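So the chains spell out like this:
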Amino acid sequence: MGGHEARPDTGEVYLVVRNDEEQYSIWRADREVPAGWYPEGRRGSRQECLDHIGVIWTDMRPLSLRRRLAGADV
């Protein structure tokens, strides 16, 4: 995932979260996850979470668009 600059490790713990469109983000673990987002399972430093997202989020298109383009809009 390009475009993010390395920041010093503050010791804060983050979660990787995902929404129904299979879009990913990070969220501080000590805060309630916003409505519409769900913990994906990964937890760690900000950089560890961003690195994980960079590996797993290979298609940035929302799920609804991918389905429509595949002809399987359900």
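Structure: see above.
Residues numbered from 1 in each chain as written. Predicted model: local features only at pLDDT ≥ 70, side-chain atom pairs only at ≥ 80, totals over all residues. Heavy atoms only, no water.

## Topic: the overall build of the chain
Quick note on the threshold: Working definition: helices are DSSP H or I runs of at least four residues, strands are E runs of at least two. Numbering for both runs from the N terminus. Relative accessibility under 20% of the residue-type maximum defines a buried residue, over 50% an exposed one, and the middle range a partly exposed one, all with a 1.4 Å probe and only protein chains included. It only takes one pair of heavy atoms within 4.5 Å for two residues to be counted as in contact.
Broken down by element type, the chain carries 2 helices and 3 strands. The order of helices and strands in the chain, counted from the N terminus, is β-β-β-α-α. The burial tally for the chain puts 24% of its 74 residues in the buried class. Sequence separation of at least 24 residues holds for 45% of the intrachain contacts in the chain that already meet a minimum separation of 6.

## What about unusual backbone geometry?
Residues apart from glycine generally show negative phi values, whereas peptide bonds are mostly found in trans. Non-glycine residue E22 carries a positive phi angle of around 60°. A residue is classified by how much of its surface remains accessible, and E22, at 29% relative accessible area, is partly exposed.

## Regarding helix α1 (residues 46-56)
Cut-off, in case you're wondering: Note that the arc is defined by the directions from the helix axis to the C-beta atoms.
Among the residues making up α1, those that are buried are R46, C49, L50, H52 and I53. Buried residues of α1 fall within an arc of 160° about the axis and therefore sit on the same side. Buried positions along α1 lie against β1 (14-19), β2 (24-28) and β3 (37-44).

## Details of the pattern of salt bridges
To keep it simple, the criterion reads: Any Lys or Arg side-chain nitrogen found within 4 Å of a carboxyl oxygen on Asp or Glu counts as a salt bridge.
Under the defined criterion, the tally for this structure stands at 4 salt bridges. Between R28 and D30 there is a salt bridge, with its nearest N and O atoms 2.8 Å apart. Through salt bridges with shared partners, a single ionic network connects E12, R28 and D30.

## Observations regarding the nonpolar core
Rules: In this description, a nonpolar core means a group of buried Ala, Val, Leu, Ile, Met, Phe, Trp, Tyr and Cys residues linked to one another through side-chain atoms lying within 4.5 Å.
Core analysis: the biggest nonpolar cluster contains 8 residues, these being Y14, V16, Y24, I26, C49, L50, I53 and W57. When contributions to this core are tallied by element, the ones reaching two or more residues are β1, β2 and α1. Among the elements that line this core, the one with the most residues is α1, at 3 residues. Beyond its immediate stretch of four places on either side in the chain, Y14 contacts I26, W27, R28, A29, R42, R43, G44, S45, R46 and C49.

## Observations regarding the packing of aromatic side chains
Filter applied, for reference: The aromatic pairing rule takes the rings of Phe, Tyr and Trp, using the six-membered ring of Trp, and pairs them if the centres are within 6.5 Å, calling planes under 30 degrees apart stacked, those over 60 edge-to-face and the rest tilted.
Here the structure, examined in full by the defined rule, presents 1 aromatic pair. Arranged with centres 5.8 Å apart and planes meeting at 55°, the rings of Y24 and W57 form a pair that is tilted. Of this pair, Y24 sits in strand β2 while W57 is found in the loop between α1 and α2 (63-70), placing the two residues 33 residues apart along the sequence. W57 matches Y24 in its accessibility class, with the two residues each being buried.

## Section: the environment of E22
Relative to the helices and strands, E22 is located in the loop between β1 and β2. It is 9.6 Å that separates the C-alpha atoms of E22 and W37, two residues lying 15 residues apart in sequence.

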